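Notes for the structure review
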Amino acid sequence: MRIRTTVIEGSLAFQMRRAAAARANDCGLQILTLPLLAARLAGGFATPITPERLDLAVQDALAEGGFRDLEGVRHLPGMSRAVARSLRKIWDADIDLRSEHHAGNDRLKDLALIEDRVRRSLPVAMLASRDLRNAALGRIQHAARTIGPVNLSSLSFIAPVWRSLIEALAREVPVEWHAPKYAETEWFTGIILWQARSAREPTISAVSCADPHDEVVESLRWARHLIVSGAAKPHEIAIGSAGTIAWDDHFCALAADAGLRLHFTHGIPALSTRDGQRCAALADVLLHGLNQQRIRRLMSLCRGQGTSLDALPERWLGAVPRGATLARVEDWRRTIAAAALKDPSLLGTQAILPLLEVLMKGISAAQEAAHHFLRGRALQLWDAALRKAPTEAIELSLGNSRFSSENEAADSIVWCSARELAAAPRAFVRLLGLTDRSWPRRDGGDSIVPDHVLSAEEFDVDPIAQADRRHFRVILEGASAGVVLSRSRRSAQGARVGRSPLLQDVTETYLSRARIPEHAWSESDRLMARPSDAAKTPRIVSADQCWRNWHLGQFTPNDGLFAADHPVVLKAIGRVQSPTSLRLLLRDPLGFIWRYGLGWSVPRDREQPLTIAPDEFGKLVHELLRRAVDTLEPHPGYARASDPEIEAALQEAVRTVREDWPLEGQVPPSLLWTNTVDFAASMASVGLLRKEISDTGTRSWTEVPFGQPDDFAVERELPWDPKIPVSVPGTPISLRGTIDRLDLRSDRSAARVTDYKTSAPPKNAGRIVIGGGSELQRALYSLACRQLLEDPRIVARLFYLGGETMVLRLNDIDAAIEQIADFVNAAVEMLSRGVAVHGRSSFDASNDLRLALPASPGYGRRKLVAYNRASEKLARFWSAP
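Scope of this entry: the structure provided in the associated data block. (Residues numbered from 1 in each chain as written. Predicted model: local features only at pLDDT ≥ 70, side-chain atom pairs only at ≥ 80, totals over all residues. Heavy atoms only, no water.)

1. Digging into the overall build of the protein chain
Each helix and strand in the protein chain was counted, giving 34 helices and 23 strands. For 881 residues, the compact-globule estimate of 2.2 N^0.38 gives 29 Å, and the protein chain exceeds it by more than 25% at 38 Å. Expressed along its principal axes, the backbone C-alpha trace of the protein chain runs to roughly 120 × 65 × 50 Å. Sequence separation of at least 24 residues holds for 74% of the intrachain contacts in the protein chain that already meet a minimum separation of 6. (Helix = DSSP H or I, 4+ residues; strand = E, 2+ residues; numbered from the N terminus. Rg over C-alpha atoms; globule rule 2.2 N^0.38 Å. Contact = heavy atoms within 4.5 Å.)

So, in structure tokens, the structure goes:
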């Protein structure tokens, strides 16, 4: 069998040439790159140095120190990559750093020292480019047996380091260079066979798109059109650019929807895969600390790999309160212990605690954490990312990492760099990014070997701008059927960009983002291009009807009109209401249906907040009040307790709440949380020290439940059975809730209910009765006391703790309850006949569900008449004090 060798450049050319040889049953053909050709000739299991191994060797060399010029910067982030890049350029230029010509420069002496250290750290068979070339030249006499005739296929440039080897080979075996027209061949003295141009002149057109995303959309439309029309097969189509980073994410996201096989020659972004997300989740925890959201994400991604996580009970995270911050291992330990007490099947969850302790160490435990959480390809990615940069920069390393494409180049459309495409041309080509910034790219100079150290003409043998221009010409020469040159009018950041100088002689077609394409790239694109088809899609029909109804003057189903006695509405009204839900029913009937009928809710923040919401702060103050009063009752009794005893009870409550609340809900970071609790304690102290109790036998309770369900657990002594139903007289509404504070005389003849407010008192606070439905608590608390106690005399009051403290009594409780009943009946009657209006404060920032309302300010003006007519019976209550 006769041995022959084809020399190619790049992974795309390698895959395509192997596929062609396999289809042709071509035996005896070696397909090699120039470094592999030298390694084959050098023998002895020689292999070229890999980029990963070079980066690692440079890191070790820099760590040894002892440099003259680089000592002060050797620890900087990115230093190892910069030095490795400079070494590759030096080797490609065939520069001997030990020569007398470079002996007087400290920077080059440092690089020579690094080069020597790299050589020593490499395995015996792994060689740098110049060493590999020299080893191959030493065995050149064996070329006829090991290499055979050589064909340099589609190479447009050969680095100087390999030129002497090619010249020597040409004296031993036949060497032919099948070169593209614009290849740099002046130095070559062998046989050059210029690649023949296709007899059919390719069509060349140019287009301008809105931005890089639009360029990707247009390229997918173009590729699908070629395939569907039968003009081309996938392996005949290529999409390329000088640099691929700006378009990679868009191709990853859109190619799957297009249903096209797309091969990423340079690899797919690692973070677009599940293994990449596993690494990202682990890095997120190590760099930014423990919290529940990060741990949930890590656990959900890393289970099922054969790690210790698989031994944890199923759905163990379901027992952890969703809102809890859990920023410390101790918080997790207490939460898991509490969950195990309720459910013994969760006892095995304790195994997670040692893993959390590892995570708590931070990024310094990167290797140890990876051993516990990662396996297979994810672990390999993690190790490679740690080798590329310092551990503190692992997020950046992971963002730049790639996996091999899942589709084969031989039967797929390719997305690749211009360098790859120039070495493996295709019949149909679309080039992206032909702007003045992106093609040709600008030479930025070398950070390690600037011009004053070594001239660019000697050091950078193939400048990037020159290479980009050459690749452009080679690609156009090799495309036998058609070329589309594409550019964006604006960058991804929105900045205006100009045309590439390579487009100066080409007339371009302006493509609007909103244009109707000749061929759609996906189902959504087809519907956008065919309004008649889109109009038949139920969701689009519904959305269109909603938009039109919002612009009509009358009340429509998209404004809150529905069938009378709708079961969802009746179910929402029939549930046991709390003061909060009742306030929403009266103040915002449409929001009430959304929240309690349809179950809409506001998503929780994923990150740890710096403050807590006002309603959560109110709950915090109430919790401190409850714990302090419970500590004082029944002995010595809140009414009889001295001020120091009250302060001591409050401080005990502060210590407990400060530790327990992070286990149940989101709280700010530790220092801010401490300050928040202290501020809440100062408010609670005001409320506790102002007792105003004349009867020393008076008993006090805080957070007193009423109207609770049958399964409610009673954990303390209460003045009544909390499961007894409570209702609003003359209405279908049942109530449940908790009274902020109840003071009850020993003979139960009189009771006082207090509704604490953490805000400052509003203007004209003394006139407030129900506040248009916003201040229902003290009246409802009085109603509960009347129905649960034996007709005592009741005092109801508002106690404003914020700003200038103020206590306001409700003068006529009966009138307030009657007003609430009328208000409730009006709201229930409106909802029962199929009408739900938004409240007057629905568009305020305090309304969590305002996002579901139309954003246009004209909506309220258009609907004003219909809105006033529909809410006529409620409007008079909204205006009541």
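Okay, back to it.
2. A few points about the nonpolar core
Counting 76 residues, the largest nonpolar core has Trp332, Leu359 and Trp382 as its most contacted members. Discounting residues that sit within four places of it in the chain, leucine 359 has contacts with Leu282, Val285, Leu286, Leu290, Ile295, Leu298, Ala369 and Phe373. Counting residues in hydrophobic clusters, the runner-up holds 61 residues, among them Trp701, Trp720, Tyr781 and Ala827. (Core = buried A, V, L, I, M, F, W, Y, C linked by side-chain atoms within 4.5 Å. Buried < 20%, exposed > 50% of the residue type's maximum accessible area, 1.4 Å probe, protein only.)

3. Focus on the packing of aromatic side chains
When we look at a pair of aromatic rings, we describe it by the centre distance and by the angle of the planes. Scanning all chains against the criterion turns up 12 aromatic pairs. Here tryptophan 177 and phenylalanine 188 contribute two aromatic rings whose centre-to-centre distance is 5.6 Å and whose plane-to-plane angle is 80°, an arrangement assigned as edge-to-face. Taken as a pair, tryptophan 177 in strand β6 (residues 175-179) and phenylalanine 188 in the loop between β6 and β7 (191-194) lie far apart in primary sequence, 11 residues in all. Residue tryptophan 177 is classed as buried on the basis of its relative accessible area of 0%. Look at tryptophan 439 and phenylalanine 472: their rings are 5.9 Å apart centre to centre, the planes differ by 80°, and that puts the pair in the edge-to-face class. Of this pair, tryptophan 439 sits in the loop between β14 (428-432) and α19 (456-459) while phenylalanine 472 sits in helix α20 (residues 464-478), placing them 33 residues apart in sequence. Among the residues examined, tryptophan 439 registers a relative accessible area of 0% and is labelled buried. (Phe/Tyr/Trp six-rings, centres within 6.5 Å; stacked < 30°, edge-to-face > 60°.)

4. Digging into the sheet that holds strand β8 (residues 203-209)
One open sheet holds the seven strands; their spatial order is β10-β13-β9-β14-β15-β8-β16, and the pairing between them is parallel. Only two strands of the sheet have a single neighbouring strand rather than two, namely β10 (262-264) and β16 (508-510). Each neighbouring strand pair of the sheet contributes to a mean axis angle of 25°, computed without reference to strand direction. Where β8 and strand β15 (residues 482-488) come together, seven bridges link them in parallel fashion. Residue serine 205 lies in a different strand from β15, and its bridge partner there is valine 484. The sheet strands contacting α20 are β8, β14 and β15, and the helix crosses β14 at an angle near 155°. (Pairing = 2+ DSSP bridges. Axes fitted to C-alpha atoms, helices over the stretch in contact; angles between N-to-C directions.)

5. Things to note about the environment of leucine 744
In this structure, leucine 744 sits in strand β20 (residues 737-744). Residue leucine 744 is classed as buried on the basis of its relative accessible area of 2%. As a C-alpha pair, leucine 744 and alanine 231 span 513 residues in sequence and 89 Å in three-dimensional space. Residue contacts for leucine 744: discarding those within four places in its chain leaves Gly697, Thr698, Arg699, Trp701, Pro719, Ala750, Ala751 and Leu789.

6. Examining the state of the cysteines
Scanning the model with the defined rule gives zero disulfides in all. Left unpaired, cysteine 252 is separated from the closest cysteine sulfur, that of cysteine 416, by 15 Å. A relative accessible area of 24% means that cysteine 252 is categorised as partly exposed. (Disulfide = S-S within 2.5 Å.)

7. Description of the side chain of serine 219
Along the polypeptide, serine 219 turns up in helix α9 (residues 212-228). A distance of 2.7 Å separates a polar atom in the side chain of serine 219 from the backbone oxygen of valine 216. Beyond its immediate chain neighbours, meaning those up to four positions away, serine 219 contacts Ile239, Phe251, Arg430 and Leu432. (Polar contact = N/O pair within 3.5 Å; in protein donor to acceptor, adjacent residues only side chain to side chain.)

8. Quick word on the pairing of β15
For β15, the tally of buried residues reaches seven of seven residues, placing the bulk of the element in the interior. The two faces of β15 match: Gly482, Val484, Ser486 and Ser488 on one face and Val483, Leu485 and Arg487 on the other face are all buried. Sheet topology places β14 next to β15; four bridges connect them, and they run parallel. Its bridge partner being in β15, arginine 430 is matched across the sheet by valine 484.

9. Concerning unusual backbone geometry
Cis peptide bonds are those with omega within 30 degrees of zero, and the linkage from tryptophan 439 to proline 440 qualifies with 0°. Topologically, proline 440 is positioned in the loop between β14 and α19. For aspartate 94, which is not glycine, the phi dihedral falls at a positive 60°. The phi dihedral of aspartate 565 falls on the positive side, at around 50°, and the residue is not glycine. As for its placement among the helices and strands, aspartate 565 is situated in the loop between α23 (538-550) and α24 (567-574).

10. Description of the sheet that holds strand β17 (residues 699-706)
What the five strands build is an open sheet, ordered β17-β20-β21-β22-β23; its pairing is mixed. Unpaired on one side and paired on the other, β17 and β23 (806-809) mark the two borders of the sheet. When the angles between neighbouring strand axes are averaged without regard to direction, this sheet yields 30°. As judged from the seven bridges shared by β17 and β20, these two strands associate in the antiparallel manner. The partner of phenylalanine 706 across the bridge, within β20, is glycine 737. Helix α30 (residues 777-788) rests against β17, β20, β21 (750-757), β22 (793-800) and β23 of the sheet, and its axis sits at about 150° to β21.

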